[in-house]
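Observations on the model geometry
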Amino acid sequence: MWTAYLILTVLLLILTILPKIQHSHWIFRVPEFGKIQITVFILFTMILGFATPGKSEYFWYYQGLLFVMLIHHSVILIKYTPIYPVKKYTQKYQSSEKLHFISANVYQFNKEYERFIQLIEKYQPDMFLTMESNGDWEKALRPLEKDYPYQHKVTLENTYGMHFYSKMEIKSSQTHFFVADDIPSIEAHLKTEDGFSFVFFGVHPPPPSPTEEETSKERDGDLLSTAKRVIEIKKPVIVVGDFNNVAWSKSSILFRKTSHLIDPRIGRSFVSTFHARYRLLRFPIDLMFHSEEIFIEDLKTLENFGSDHLPVYCEFFIDHEQDKKQEERIDHATKDEKAEAEEMIEEGKEENGDRDATVTEG
């Protein structure tokens, strides 16, 4: 048991240190995803240490190291729990009607189309976004078009297709290819029936991983390009999607600062989405950010429909009179951070991601 304790301590130390090294290779970025699980394992290892017979004379040094790591991770993670104090706001008479959307990475090779259609019919969102939706998914979702007459479709077979469906009129929309011609983002300008305009962004950059992109350069460049675009828009904005990133990573924080958007997970919950089938190995990588005129009433995951991601459900309203009340939740990038963001955008554009135009399961 003592050997297991030592191995766990060293492994947890490595997993804690790796993300601190500002290198884009997936080896350094992937441990960021598992911060929740790492924190739980640190606590487990500390308890294991107390239960282990034949302790070394350095036992308390090891326990002290584990305790420091526990505090380090907990200070970061506690912001994404209800314990962290964030002021709640009630809907006023001058606010918009409540709006709802669902964001879902459907998993391109998932054939359980009917389960997803039933999900949409059950919750009746005002709009929904699908990611990894290809031609088969587009065809399967056509029965929903009678209720969602406004659409913006980017049909791809490379697992980066995106489809946006809305009951509200889409005044204008466009597809951005910020860092690569096969990684789209959707920008849709909408207007509610009670006269409130807002912009919906759907994003899905590629992840750094041993099976996909070697580095996080394209992911970070794509996200920060979106942030750069958002800051140009003078309307309420929501950015939603499979970020393939976690809210506490450096690039996510830089995205939040450069876009002047708010992370609704802070003071609420992790809203972990991936992997849908493994509860203990589930990471919060389907993110959402919003401008100060947007007020979140509910943010949660919904039931699995066969994908490897759980869908995200959000209820919100728009209020221009109360927007100043959320100013304190907005962080602004420093001059150096803005320069770093520009550098990361250029690196993302220069990175040549090795992706096939058509991806098959296997």
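Here the structure is shown first, and the text comes after it.
In this report, we go over the structure that sits alongside the text. (Residues numbered from 1 in each chain as written. Predicted model: local features only at pLDDT ≥ 70, side-chain atom pairs only at ≥ 80, totals over all residues. Heavy atoms only, no water.)

**Some points on the sheet that holds strand S5 (residues 170-176)**
The mixed open sheet is built from five strands, whose spatial order is S5-S6-S7-S8-S9. Edge positions in the sheet fall to S5 and strand S9 (286-290), since each has one partner strand and no second. For this sheet, the mean inter-axis angle between neighbouring strands, taken without regard to orientation, is 15 degrees. As paired elements, strand S6 (residues 185-191) and strand S7 (residues 197-203) share six bridges and run antiparallel to each other. Residue pairing in the sheet places histidine 189 in a bridge with valine 199 of S7. Helix-sheet contacts for helix H7 (residues 217-230) involve S5, S6, S7 and strand S8 (237-242), and the interaxial angle to S7 is about 170 degrees. (Pairing = 2+ DSSP bridges. Helix = DSSP H or I, 4+ residues; strand = E, 2+ residues; numbered from the N terminus. Axes fitted to C-alpha atoms, helices over the stretch in contact; angles between N-to-C directions. Contact = heavy atoms within 4.5 Å.)

**Looking at the pairing of S6**
For S6, the tally of buried residues reaches six of seven residues, placing the bulk of the element in the interior. Here six bridges tie S5 to S6, and the two strands are oriented antiparallel to one another. Bridge pairing links isoleucine 170 to leucine 190 in S6. Where S6 folds back onto S7 in an antiparallel hairpin, the turn is made up of five residues, including glycine 195, whose phi is positive at roughly 90 degrees. (Buried < 20%, exposed > 50% of the residue type's maximum accessible area, 1.4 Å probe, protein only.)

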